[in-house]
Amino acid sequence: MSMVARHDFEPKLLGFLCNWCCYAGADLAGVSRLEYPPNIRVIRVMCSAKVDPTHVMKALLNGVDGVFIGGCHIGDCHYARGNFYARRRVIMLKKVLEIMGIEPERLRLEWVSASEGVIFAEVMKDFAQAIKKLGPNPMKSRR
Amino acid sequence: MKNYSKVIQDIARAMLRAGLVDEVVAFGQDSAASGITPLFITDEQDVEKISTVSYYPCSLARLVARYGDKNKRTGMIVRPCDARAMVELAKRRQVNLDNFYIIGIECYGVIRTGTRREEIYIFPAEMEIDGELKPLDEEILSPNCRRCEYPIPTMADVSVRIEADGSSSVTANTEKGKEVLTAAGISSQGPPSDVTAMKERAARWQEKDFGQLREMNPDERRKYWLDQFDKCIKCYGCRDACPLCYCTACSLCPEESLVQGGEVPPETLFHITRLMHVGDSCCNCGHCEAACPTGIPLSLLYHMLYKELGTVFGYESGVDVNSLPPVSTIDEEDLTKMGVDIG
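Throughout what follows, the structure given in this document is the object of discussion. Think of each chain on its own: its residues are numbered from 1, step by step along the sequence as written. Throughout, the order in which chains and ligands are written sets their labels, letters from A for the former and numbers from 1 for the latter. With the structure being a predicted model, the display of local features is reserved for residues of pLDDT at least 70 and the display and counting of side-chain atom pairs for 80 or more, all residues being used for whole-chain, interface and lining totals. The side-chain numbers reported here are obtained from all heavy atoms of the structure, hydrogens and water having been left aside.

**Concerning the overall build of chain A**
A run of H or I in DSSP becomes a helix once it reaches four residues, and a run of E becomes a strand once it reaches two; helices and strands are each numbered from the N terminus. Looking only at helices and strands, chain A features five helices and four strands. Reading the secondary structure of chain A in the N-to-C direction produces α-β-α-β-α-β-α-β-α. C-alpha atoms define the radius of gyration, and 2.2 Å times the number of residues to the power 0.38 defines the globule rule. The C-alpha radius of gyration of chain A comes to 15 Å, within 12% of the 15 Å expected for a compact globule of 143 residues. Summarising its shape, the C-alpha atoms of chain A cover approximately 45 × 35 × 20 Å along the three principal directions. A burial count over chain A gives 55% of its 143 residues as buried. Intrachain contacts of chain A at a sequence separation of at least 6 include 82% that bridge at least 24 residues. If you sum the accessible surface of chain A, you get close to 6500 Å²; carbon and sulfur atoms cover 53% of it. Between the centroid of the 21 positive side chains of chain A and the centroid of its 14 negative side chains there is a distance of 7 Å. The buried label goes to any residue with under 20% of its type's maximum accessible area, the exposed label to any with over 50%, and the partly exposed label to all in between, with areas taken from a 1.4 Å probe on protein chains only. A contact between two residues is defined here by any heavy atoms of the two lying within 4.5 Å. Using a 1.4 Å probe, accessible areas were evaluated by the Shrake-Rupley method; residue-level cover was limited to the displayed protein chains. A residue counts as positive if it is Lys or Arg and as negative if it is Asp or Glu; His and the chain ends are not included. Here the site of a charge means atom NZ of a Lys, CZ of an Arg, CG of an Asp or CD of a Glu.

Below is the structure:
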């Protein structure tokens, strides 16, 4: 990958946002007119535990540059314990990515509550920045 | 030639005679012409066919979970990896361990079937090929067996140790195990086996096999696995051999719309899906790798993830029926941790 390509690189990010916290947080960021990089494509899910590890891997193996999973803070899950499961799955996914030789940083899990519009915008900025630094997903050239 | 299988045959006969079990599932030679195959034995006379020769063509745990009669009480003559698979299947409500009498054979490795036809027995430091005792050559063992840390089936009801001189010792691990030994008229005996040498061997081979991959940089590692997966002919052999792949509706089937159908080699997700479904509880039996016609080192992949997850979750698969698979459960400690990582 040449330096020029890396410079112009706009990452394509996929977000799985929990309906009750992170999605509402993203909504708040929107209605508050907060600015954040437009790289993320959002899929609303009912709970962060609804995110199937195979879907995350399918996205990353097919060339998405980064996957973001947003859930409620610990203790705030609408379904009481969903985010605990999501957390364990992400730990496993990061190990799988490491074994496969894909940077584990391409997957990020964050807790964002419905009132944290500012934090959502911050997280998006930070994630887009981090992925830009990493460069395009190496799996992209396979397809 | 010493009859290494005698003690196992005696136990199987006693279980059938005492009515503890309706049938015994074991490996054996049905006729002189056939190889080692799984046998479902209901007649006492047939126990003579049971063999403890060091081949392990398929997983008996998978056979009983998928095809076994749920109403029958079954005795199983298995190696530790299958005893562990039974425990894992019981956690997943696929078998009810109350219906099983599991007789575990202490195992120091097996040979892949299809590579050799000799009658071979493996002991901690020796091997007997066609009646001739030699020092053990670790290279001939199945690669997953070289990395195995579980030579003693402590999770089985009875564990049987067979020595290179033909003698044997038997230990009951559970109440059911004691019933079996009472029925067979054998007293629990012998000092516990020393597993330090075996653990040392496992650590050495794990270091070698995993170290090779860990030393690679991410690009090399990715290339390595993608090249391996490109050999895949999508025969589903790994899935069909795996004792833990019990689902009847499998996500890998094209109708599930997860993996694109009609493609050979299948997309990388094919292997990664299976890795994520069974990797946290892989009992390193190696049947996936043995079943693979194109020689993808699958057990290396699954065992490596299992070991990596072990450092985070501290989970040992197939040892305790009450500890649940780490990726599909949460524990008390999780509840106190607030961050996105629990490491």
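Here the narrative resumes.
**Some words on the interface of chain A and chain B**
Taken together, the contact pairs 31 residues of chain A with 40 residues of chain B. For the pair chain A and chain B, the summed buried surface comes to about 3300 Å²; carbon and sulfur atoms form 67% of the total. Salt bridges, as used here, are contacts in which a Lys or Arg side-chain nitrogen is within 4 Å of a carboxyl oxygen on Asp or Glu. Linking chain A to chain B there are four salt bridges. When the shortest N-O distance is used, the salt bridge between Asp331 of chain B and Arg88 of chain A registers 3.3 Å. N or O atoms closer than or at 3.5 Å make up a polar contact, with two conditions inside protein: a donor-capable atom paired with an acceptor-capable one, and, for residues adjacent in sequence, both atoms drawn from side chains. Linking chain A with chain B are 13 residue pairs in polar contact (both at pLDDT 80 or more), by the criterion used here. When residues of the side of chain A that touches chain B are traced back to their parent elements, those giving at least two are helix H3 (53-61), helix H4 (82-100) and strand E4 (107-111) of chain A. Of all the elements, H4 of chain A adds the most residues to the side of chain A that touches chain B, at 13 residues. The nonpolar class holds Ala, Val, Leu, Ile, Met, Phe, Trp, Tyr, Cys and Pro. Asp, Glu, Lys and Arg form the charged class, and all remaining residues, Gly among them, are polar. Across the side of chain A that touches chain B, the residue classes tally to 17 nonpolar, four polar and ten charged. Each of two parts loses accessible area, computed with a 1.4 Å probe, when they are put together; buried area is these two losses added.

**Side note on the packing of aromatic side chains**
Between 30 and 60 degrees the pair is tilted, below 30 it is stacked and above 60 it is edge-to-face, where a pair is any two Phe, Tyr or Trp rings, Trp via its six-membered ring, whose centres lie within 6.5 Å. Tallied over the full model, the rule gives ten aromatic pairs over all chains. Measuring from ring centre to ring centre gives 6.1 Å for Phe68 of chain A and Phe127 of chain A, while their planes differ by 45°; the resulting arrangement is tilted. Of this pair, Phe68 of chain A sits in strand E3 (residues 66-71) while Phe127 of chain A sits in helix H5 (residues 117-134), and the two are 59 residues apart along the sequence. Overall, Phe68 of chain A belongs to the buried group, its relative accessible area being 0%. Relative to Tyr121 of chain B, the ring of Tyr4 of chain B lies with its centre 4.7 Å away and its plane at 50°, an arrangement referred to as tilted. With Tyr4 of chain B in the segment before helix H1 (6-17) and Tyr121 of chain B in strand E5 (residues 120-122), this residue pair connects regions lying 117 residues apart in the sequence.

Interpretation in functional terms is not warranted from these geometric data alone.
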